[in-house]
Amino acid sequence: MSTQQNVPIAPAQGKLGVLIPGMGAVTTTFIAGVEAIKRGIAKPIGSVTQMATIRLGKRTDGRSPRIQDFVPLAGLDDLVFGAWDIFEDNCFEAATKAGVLETSLLEQLRSPLSAIRPMPAVFDTDYVRRLDGPNKKARGSKMDHAEMLMEDIRNFRESTGAARLAMIWCASTEVFHKPAAVHQTLADFECGLQKSDPEISPSQIYAYAALKMGVPFANGAPHLSSDAPALLELARERQVPICGKDFKTGQTFMKTLIAPGLKSRMLGLSGWFSTNILGNRDGEVLDDPGSFKSKEESKLEALDQILQADLYPDLYKNFYHKVRINYYPPRGDAKEGWDNIDIFGWLGYPMQIKIDFLCRDSILAAPLVLDLVLFMDLAQRAGMRGIQEWLSFYFKAPMHAPGLYPEHDIFIQLMKLKNTLRWMRGEDLITHLGLEYYD
């Protein structure tokens, strides 16, 4: 029997409003998928919250409930959706243009999707240079824009009757930038909003508005957003959970699967060359060097942290790592991630691994959006505030406490996620030691 105490979790009563900056391929695939699943048209494949189980107690106990039966998650029927976008297309029109889902499926969902119309977006072409559109907020200071977003949140809550909210960034990758003076304290940041400091990006305005309204915020892109001291301070002050960044979908997903295996067997790495062919709006945005720099940073980080060259210099000290993304319109959302991996083994003899992952970017991302929304809402109801490191499983560049290195090994991340759920429900944590079976 467990000797742990349950974490008090408020019940998931009422509707959960899902607010999303960006109504492109990922968002429309996510919303259409949820609507299809609710109608019994499809299964929630790829969603941990909907399909995975969690082992409780000993292996001999036979206790492996589904996660959605173990922790009190919001139900899919309780989800209501709102979004902002620079284009005026409703969700059905945007999904049709994105070209991810078949027309025959979208036609079955025309009514609920057509009802979702994007609110005017906060947008700045200095941060996303390859796109622009007509559906933008009126001119004003960055604080004016933050207040407009907060008014949108209030209106959405009132019009939908949502009891709780969560916001998740699914819009384009912004250009790379590092925390500046304006990001250091909340007072500095709010002063910067008033003065429209150029170092404050649109995604940070969304994050600020969400946190001020007590709404959990997750960043699905690689750029600087809520991972700045000022917004971390606001999250703690308002008792709001945050997480990010950059959905771990295609090529980096493969890296966090393979690199731990190489390291576990003490196989060396000489080089890892990665290239991507991508034709959707994300590919167009990443064709800009500034936006690509944000993505490159998140893609490069995982291998360094997993392989720990400082501990294993003979194996990993000097490996060469190159990442490329190529915009290729004919491919659309069907991204191709190609990897050449040069490894070496016993006595230094060389070997190679080749990976050609013909994936669908938004199909991989959509279940991550669902899981993150539901888990962030759970964390909020459990009184968990600030960075939710247990959700690192979903991100290429997971947020972490200052001075702490991030955990990128996907198997350790999954163990951390499930142990957090066990801890919430007062169950013993699983260590996989197993000695009790042989006493």
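See the structure printed just above.
A few points on the structure. Since the model is a prediction, treat every value here as computed from it, not as a measurement. (Residues numbered from 1 in each chain as written. Predicted model: local features only at pLDDT ≥ 70, side-chain atom pairs only at ≥ 80, totals over all residues. Heavy atoms only, no water.)

**A word on the pattern of salt bridges**
Side chains that differ in charge, positive against negative, can pair when their charged atoms come close. Per the counting criterion, the structure on display carries 18 salt bridges. Its salt-bridge partner being Glu 151, residue Arg 154 comes within 3.0 Å of it at the nearest N-O pair. One end of the pair is Arg 154 and the other is Glu 151, both in helix α7 (residues 142–160) and three residues apart, which spans about a single turn. Judged by its relative accessible area of 37%, Glu 151 is partly exposed. Its salt-bridge partner being Arg 164, residue Asp 377 comes within 2.7 Å of it at the nearest N-O pair. In this pair, Asp 377 is assigned in helix α15 (residues 361–381) and Arg 164 in strand β4 (residues 162–169), connecting sequence segments 213 residues apart. Summarising the burial analysis for this pair, Asp 377 and Arg 164 share the class buried. One network of salt bridges, with partners in common, ties together Glu 35, Lys 38 and Arg 39. (Salt bridge = Lys/Arg side-chain N within 4 Å of Asp/Glu carboxyl O. Helix = DSSP H or I, 4+ residues; strand = E, 2+ residues; numbered from the N terminus. Buried < 20%, exposed > 50% of the residue type's maximum accessible area, 1.4 Å probe, protein only.)

**Observations concerning empty space enclosed by the protein**
According to the stated counting rule, one finds one cavity of 30 Å³ or more in the structure shown. Ala 166, Met 167, Ile 168, Pro 216, Phe 217, Ala 218, Leu 372, Val 373 and Met 376 together form the lining of the largest cavity. Those elements giving two or more residues to the lining of the largest cavity turn out to be β4, β5 (217–219) and α15. Among the residues making up the lining of the largest cavity, the classes are represented as nine nonpolar, no polar and no charged. (1 Å grid on protein atoms, 1.4 Å probe; cavity = no way out; pocket = protein on both sides within 12 Å on 5 of 7 lines; lining within 4 Å. Points joined across faces, edges and corners; volume = space filled by probe spheres on them. Nonpolar A, V, L, I, M, F, W, Y, C, P; charged D, E, K, R; others polar.)

**Description of the pairing of strand β2 (residues 79–85)**
In regular strands, side chains alternate between the two faces of the sheet. Most of β2 is tucked away, with seven of its seven residues classed as buried. A two-sided burial pattern is seen for β2, the buried positions comprising Leu 79, Phe 81, Ala 83 and Asp 85 on one face and Val 80, Gly 82 and Trp 84 on the other. Of the pairings in the sheet, the one linking strand β1 (residues 15–21) to β2 comprises six bridges and is parallel in character. From the neighbouring strand, Val 18 faces β2, where its bridge partner is Phe 81. By the bridge criterion, two bridges tie β2 to strand β3 (residues 119–120) in an arrangement that is parallel. For Asp 85, the partnering residue across the bridge sits in β3 and is Pro 120. (Pairing = 2+ DSSP bridges.)

**Re the sheet that holds strand β6 (residues 241–244)**
Spatially, the seven strands line up as an open sheet ordered β3-β2-β1-β4-β5-β6-β11, and their pairing is parallel. The two strands at the open ends of the sheet, each matched to only one other strand, are β3 and β11 (386–387). Against the sheet, helix α1 (residues 25–38) touches β1 and β2, its axis set at about 160 degrees to β2. (Contact = heavy atoms within 4.5 Å. Axes fitted to C-alpha atoms, helices over the stretch in contact; angles between N-to-C directions.)

**As for the packing of α1 against α15**
Here α1 crosses α15 at 65 degrees, and the two axes come no closer than 8 Å. On the basis of their axis angle, the class for α1 and α15 is roughly perpendicular. For the element pair α1 and α15, the recorded crossing hand is right-handed. For the pair α1 and α15, contact is made by Ala 25, Val 26, Thr 29, Phe 30 and Val 34 and by Ser 362, Ile 363, Ala 365, Ala 366, Val 369 and Leu 370, respectively. (Parallel < 35°, antiparallel > 145°, perpendicular 65-115°, else oblique. Left-handed = near helix turned anticlockwise from the far one by under 90°.)

**Considerations on the sheet that holds strand β10 (residues 350–358)**
Strand order across the open sheet formed by four strands is β8-β7-β9-β10, with mixed pairing between neighbours. Of all strands in the sheet, those bounded by a partner on one side alone are β8 (320–327) and β10. Adjacent strand axes in the sheet meet at a mean angle of 10 degrees when their direction is disregarded. Where strand β9 (residues 336–344) and β10 come together, nine bridges link them in antiparallel fashion. The partner of Asn 340 across the bridge, within β10, is Lys 354. Across the sheet, helix α11 (residues 251–264) lies against β7 (268–278), β8, β9 and β10, angled at about 165 degrees from β7, the strand it touches most.

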